[in-house]
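Geometric and topological summary
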Amino acid sequence: MSKGEPLVSVVVVNYRGATDTIACLRALATTLDYPAFEVVCVDNASGGDDLRRIRDASAELSGVTITVVAAERNLGFAGGCNLGAERARGTVLAFLNNDARPDAGWARAAVDTLRAEPSVAAVASKVLDSDGDRVDFVDGGLTWFGMGYKRHAGTPVADLPHAEHELAKDVLFATGSAMFVRASVFAELGGFDERFFMFYEDVDFGWRLNLRGWRVRYVPESVAYHRHHGTMDAVDSPDSGRETFLLERNALAALYKNLSDTSLAAALPAALALTVRRATARGELDATQLDLERGVGEPVTTPIEVPRSALAGVLAIDQFVELMPSLAASREQVQRTRVRTDADLLGLLRRAIEPAYPLPRYLAAHDVLVDLFGITDAFSARRKVLVITGDAITERMAGPAIRAWNIASVLAAEHHVRLVTVNPSCDPPAAEFEVTTARQRDLAEPINWADIIILQGHVLEMAPALRAKVGGSAHKIVVCDLYDPMHLELLEQGRTSTAAPDDVRAADLAGVTKVLDAQLERGDFFLCASERQRHFWLGHLAAIGRLSPTLYDADPTTRSLLSVVPFGLPAEPPRRTGAGLRSTIDEISESDRVILWAGGVYSWFDPLTLVRAVDQLHERHSEVRLVFLGMRHPNPEVAEMSIGARTIRLSDSLGLTDKHVFFNEHWVPYAERQNWLLDADCGVTTHFEHVETTFAFRTRVLDYLWAGLPIVTTDGDSFADLVRAERLGIVVGAADPAALADALEKVLYDTEFAAACTERIAAVAERFTWPRALSPLVEFCRHPRPAADRLPGTGELVHSPRVRGSAALHRDFGLLREYLAAGGIRELGRRAGGRVLRTARERKNRAAKGRRDG
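Scope of this entry: the structure provided in the associated data block. (Residues numbered from 1 in each chain as written. Predicted model: local features only at pLDDT ≥ 70, side-chain atom pairs only at ≥ 80, totals over all residues. Heavy atoms only, no water.)

1. Let's talk about the overall build of the protein chain
Assigned secondary structure in the protein chain consists of 33 helices and 25 strands. Along the first, second and third principal axes, the C-alpha atoms of the protein chain reach 110 × 95 × 50 Å. When burial is assessed residue by residue, the protein chain has 54% of its 854 residues classed as buried. Element-wise, carbon and sulfur atoms account for 52% of the exposed surface of the protein chain, whose accessible area totals about 37600 Å². (Helix = DSSP H or I, 4+ residues; strand = E, 2+ residues; numbered from the N terminus. Buried < 20%, exposed > 50% of the residue type's maximum accessible area, 1.4 Å probe, protein only. Areas by Shrake-Rupley, 256 points an atom, 1.4 Å probe, with all protein chains shown as cover.)

See the structure below:
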């Protein structure tokens, strides 16, 4: 076996088809160009001499390991494949019909895809007829009533458009006649459903894979040749009705297991009715022959002859009902762990409203049922998105609440959205989406309701079901909004003279970092506010071990995992709706020049330098006014920070308060802030030089862009780079009152400069409108999937060979010399102790996994 390749276990199931099976095994042994494969051949209690012949033929084939497994009874194709998978050693399973043969590159192309695309669980081979002239499988479709079908089956390859068979694509399912699947995923999902016996077990399996977030990929370079129905024709007759029975029953079973509650409520009764109509149409029965309306004559009690093709449909319904109790348990698990909606898979169904059978009476009934039961609408239900914030949602909102509100608003155009705050302050403005408050114990209901959960801050700590590794809501798709690096803010906030004792500061920081670690370990998609932040969070992901080979291989850019979603601004320009600051503050006249600080005052900002700059500037221009938009945070759970009081004291001491510097104690309502912005002449933001600044995203600057205000900002953050690069104002150094005063003077009094800034701001502002800013999130929510390392059953395809015998002794002796040379007996003891603990942990983990799998 090649050391660098995954071992592929090819499972071949035989039932009374030894001649075909032996030809298949010989083709694998002589044709397949892949260095690491084994064959597991399962004989499904064929009787006769099948088993002996297969064993004898296997013994004669060299160069490949063939394990022949004798089933005690006929398990069907589904059960036979599962038995073969249990005996397989490979990390990749391949299923090949016994009446099929592989092309030389069949396995190589499939394995290359599985290795290159970690989100692909299964590969659907391109299957042609035995001569290679006609299509057997190049795509799969599914009708709304549960019947899978092979699109273009029987079509000459030469007549098929290139795009239909030569381009790789995602499909709902792979045909069981030639397919590959990760062994770990096959085991995680329980393999094929053995209740199906044969037919549609592959459709059901692919459907379940897609619902769990995995992809099934059609790979045209993976080619096999199949004599369609070769095995079935040898043991059954088309007129027996047996195949029809299995197809009808299994279609209903797959439908019942995998459709959502909403879709199933419409589709199942219509599908049952259609099964009966299909049966009577197939058997050409007179469905009115017992109708008294046709006349009452002498009672006729002689049996009515019913063709097997018609009886098969009726018996299929009967046996579907028989299976329903066990199917109900399977359905509960499928629905509880699904992460994709029926609407998500609609494209993979191809033509879901396809009637499939060209029988006139049947077609008429099909159209009636589709219309009356609203089948088309049932498959297009909107996705359910839950946005959770810890901030107060009222007329006066701070940054996190504003961001959550706009996320909900933009997503509500396409999805059913609920915005929930865990903050007791919840008195929201009117909205086109549901807004509620919830205590921690009440979060289970909205979380269970949602398909996607978008959260901020400390919310994940309040939802332990989301943090669970298995069970609960562990499968839910979670988007973590990391636009606010809370631990960096906490570092700066704790430096003040009124800070907590050092041990409390350290514990608080460790707690917040743990909160962020938990989000980074759990999330499927992450949002940050800038490229600087993106680099920061990539480093954090790498540091905690989340940036794994699986995630990297799925997307080396990592954009599908961590995207820049800056704070946004409204798409519509600001329009005055009421009184602004000039009308509200008596001391400010229409002729005064107003500098606006449009946000809160926090420890990581530097309003002190700004007040000192205004003190210098007012000596040159008596009409200068500085207005702080809001001093008291609207979230009552946010503690007052000393910087606010220090700023007021400094202004008082300089004699500026209520003359040249004004403090608006309560925040301006979010829907009214434009009235204050439109009264200002420039916007300002100042901060200290520290690490929080480096990775911060000053949301107040977005309002300046929205209102077209020239910007004066301290250097050091990402917005300073934007202001400098786009010439939107002036960037000054930190803690320099004179330079800040000069910059403010220029934007206030150099009208030509200010007008040019305003013109350039208008173009830049377009890039930050909420719909554009949120576009990565919008796209993710259109096609949501778990992160590649969180897909169920994820596992390595290639494992290092275990070192045994003399090689192990040589390795251990080398390590012994290395440890003794490095630190003597003490170092040797330390290393040996670590190895013992590591071995014990590995054994414990294997035992725990065995209990879960069992």
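2. Structural notes on the packing of helix α23 (residues 607-620) against helix α29 (residues 737-749)
One way to put it is that α23 packs onto α29 with a least axis distance of 8 Å and a crossing angle of 60 degrees. The pairing of α23 with α29 is recorded here as oblique in orientation. You can see that α23 and α29 cross each other, and the crossing is right-handed. Side by side, α23 and α29 meet where Thr 609, Leu 610, Arg 612, Ala 613, Gln 616, Leu 617 and Arg 620 of the first sit next to Pro 737, Ala 738, Leu 740, Ala 741, Asp 742, Leu 744, Glu 745 and Leu 748 of the second. Of the residues contributing to the contact of α23 with α29, the split by class is nine nonpolar, two polar and four charged. (Axes fitted to C-alpha atoms, helices over the stretch in contact; angles between N-to-C directions. Parallel < 35°, antiparallel > 145°, perpendicular 65-115°, else oblique. Left-handed = near helix turned anticlockwise from the far one by under 90°. Contact = heavy atoms within 4.5 Å. Nonpolar A, V, L, I, M, F, W, Y, C, P; charged D, E, K, R; others polar.)

3. Examining the side chain of Arg 625
Structurally, Arg 625 is set in strand β21 (residues 624-628). Within the structure, the side chain of Arg 625 is placed 3.2 Å from the side chain of His 660, a separation counted as a polar contact. When residues no more than four places from it in sequence are discounted, the contact partners of Arg 625 are Glu 587, Ile 588, Asp 592, Arg 593, Val 594, Ile 595, Lys 659, His 660 and Phe 662. (Polar contact = N/O pair within 3.5 Å; in protein donor to acceptor, adjacent residues only side chain to side chain.)

4. Quick word on empty space enclosed by the protein
Counted by the stated rule, this structure contains one cavity of 30 Å³ or more. Taken as a whole, the largest cavity holds about 40 Å³ of empty space. Around the largest cavity sit Trp 207, Leu 259, Asp 342, Leu 345, Leu 349 and Phe 379, which together line it. Split into classes, the residues belonging to the lining of the largest cavity amount to five nonpolar, no polar and one charged. (1 Å grid on protein atoms, 1.4 Å probe; cavity = no way out; pocket = protein on both sides within 12 Å on 5 of 7 lines; lining within 4 Å. Points joined across faces, edges and corners; volume = space filled by probe spheres on them.)

5. Some remarks on a nonpolar patch on the surface
A cluster of nonpolar side chains, namely Leu 290, Ile 304, Val 306, Leu 311, Val 314 and Leu 315, defines an oily patch on the protein surface of about 530 Å² accessible area. With relative accessibility at 37%, the residue Leu 311 sits in the partly exposed group. (Patch = residues over 30% accessible without salt bridge, like charges linked within 9 Å, V, L, I, M, F, W, Y side chains within 5 Å. Salt bridge = Lys/Arg side-chain N within 4 Å of Asp/Glu carboxyl O.)

6. Things to note about the sheet that holds strand β24 (residues 711-714)
Working definition: the strands of a sheet are paired by backbone hydrogen bonds and lie parallel or antiparallel to each other. Overall, parallel pairing links the six strands, which are arranged β22-β21-β20-β23-β24-β25 in an open sheet. Two strands lie at the open edges of the sheet, namely β22 (661-663) and β25 (729-732), each paired on one side alone. On average, each strand axis in the sheet is tilted by 20 degrees relative to the strand beside it, whichever way the strands run. Strand direction decides the pairing type here: strand β20 (residues 593-597) and β21, joined by five bridges, are parallel. (Pairing = 2+ DSSP bridges.)

7. Let's talk about unusual backbone geometry
A positive phi angle, close to 65 degrees, is found at Arg 350, a residue other than glycine. Within the element layout of this structure, Arg 350 appears in the loop between α12 (342-345) and α13 (360-372). The partly exposed category is assigned to Arg 350, whose relative accessible area is 26%. You will see that Asp 658, though not glycine, has its phi angle at about 65 degrees, which is positive. Assignment of secondary structure puts Asp 658 in the loop between α24 (642-653) and β22.

8. Focus: the packing of aromatic side chains
What the rule picks out here adds up to 22 aromatic pairs. Measuring from centroid to centroid gives 4.4 Å for Trp 106 and Phe 180, while their planes differ by 50 degrees, and the two rings are tilted. Within this pair, whereas Trp 106 is found in helix α4 (residues 106-116), its partner Phe 180 is found in strand β11 (residues 178-182), the two being separated by 74 residues in sequence. As far as the burial class goes, Trp 106 and Phe 180 line up, both buried. Ring centres of Tyr 256 and Phe 320 lie 6.0 Å apart, and the angle between their planes is 80 degrees; on these two criteria the pair is classed as edge-to-face. (Phe/Tyr/Trp six-rings, centres within 6.5 Å; stacked < 30°, edge-to-face > 60°.)

9. A few points about the pattern of salt bridges
Oppositely charged side chains can form a pair if their charged atoms are brought close together. Overall, the coordinates contain 49 salt bridges when judged by the stated rule. As a salt-bridge pair, Arg 278 and Glu 248 come within 2.7 Å of each other at their nearest N and O atoms. With Arg 278 in helix α10 (residues 261-282) and Glu 248 in helix α9 (residues 242-258), the pair connects residues that are 30 residues apart, well separated along the chain. Each member of the pair, Arg 278 together with Glu 248, is buried. Among the salt bridges present, the one from Lys 746 reaches Asp 750, with a minimum N-O distance of 2.9 Å. Through salt bridges with shared partners, a single network forms among Asp 139, Arg 151, Glu 164, Lys 169 and Arg 350.

10. Things to note about the environment of His 540
Within the secondary structure layout, His 540 lies in helix α20 (residues 531-543). Relative accessible area serves as the criterion here: at 13%, His 540 is assigned to the buried category. For His 540 and Leu 516, which are 24 residues apart along the polypeptide, the C-alpha to C-alpha distance reads 9.5 Å. Not counting residues up to four positions away in its chain, the partners in contact with His 540 are His 487, Asp 517 and Leu 520.

11. What to know about the sheet that holds strand β14 (residues 416-421)
Read from one edge of the open sheet, seven strands run β15-β14-β13-β16-β17-β18-β19, paired in parallel fashion. Of all strands in the sheet, those with a lone pairing partner are β15 (434-437) and β19 (562-564), marking the two edges. The mean angle between the axes of side-by-side strands here comes to 20 degrees, regardless of whether they run parallel or antiparallel. The strands touched by helix α15 (residues 399-411) within the sheet are β13 (384-389), β14, β15, β16 (452-456), β17 (477-481) and β18 (525-528), with β13 carrying the most contacts at an inclination of about 170 degrees. Contacts between helix α32 (residues 775-782) and the sheet are confined to β16, β17, β18 and β19, with β18 contributing the most and set at about 165 degrees to the helix.

12. Some details on the packing of α23 against α24
Each pair of packed helices can be described by the angle between their axes along with the distance between the axes. The geometry of α23 relative to α24 is characterised by a closest axis approach of 9 Å and an angle of 15 degrees between their N-to-C directions. Compared by their axis directions, α23 and α24 come out roughly parallel. Judged by the twist between their axes, the crossing of α23 over α24 is right-handed. Where α23 approaches α24, its residues Pro 607, Leu 608, Val 611 and Arg 612 are matched on the opposing element by Ile 643, Arg 646, Thr 647, Leu 650 and Ser 651. Considering only residue class, the contact of α23 with α24 consists of five nonpolar, two polar and two charged.

13. Comments concerning the nonpolar core
Inside soluble globular proteins, nonpolar side chains tend to come together where they are buried. Within the largest apolar cluster, 127 residues are counted, with the highest numbers of intra-cluster contacts made by Val 10, Leu 28, Leu 96, Trp 106 and Trp 144. Looking at this core element by element, the count peaks at nine residues for α9. Within the second largest apolar cluster, 65 residues are counted, among which are Ala 412, Val 417, Trp 770 and Cys 781. (Core = buried A, V, L, I, M, F, W, Y, C linked by side-chain atoms within 4.5 Å.)

14. Remarks on the environment of Arg 182
Within the secondary structure, Arg 182 is located in strand β11. Considering only alpha carbons, one finds Arg 182 and Val 120, 62 residues apart in sequence, at a separation of 8.7 Å. Apart from the residues within four sequence positions on either side, Arg 182 is in contact with Thr 91, Leu 114, Glu 117, Pro 118, Val 120, Ala 121, Trp 214, Gly 795 and Leu 797.

15. Looking at the pairing of β20
Most of β20 is tucked away: four of the five residues are buried. One crossover worth recording links β20 to the parallel β21 by way of α23, and it is right-handed. (Right-handed = clockwise from strand over helix to strand, strands pointing away.)

16. Looking at the side chain of Ser 240
Assignment of secondary structure puts Ser 240 in the loop between α8 (230-235) and α9. In this structure the side chain of Ser 240 is engaged in a polar contact, spanning 3.2 Å, whose partner is the backbone nitrogen of Arg 242.

17. Digging into a negative patch on the surface
On the surface, Asp 586, Glu 587, Asp 652 and Asp 658 cluster together into a patch of negative charge. Mapped onto the fold, Glu 587 is located in the loop between α22 (581-584) and β20. For Glu 587, a relative accessible area of 43% puts it in the partly exposed group. (Lys, Arg positive; Asp, Glu negative; His and termini not counted. Charge placed at Lys NZ, Arg CZ, Asp CG, Glu CD.)

All quantities given are derived from atomic positions and should not be read as evidence of function.
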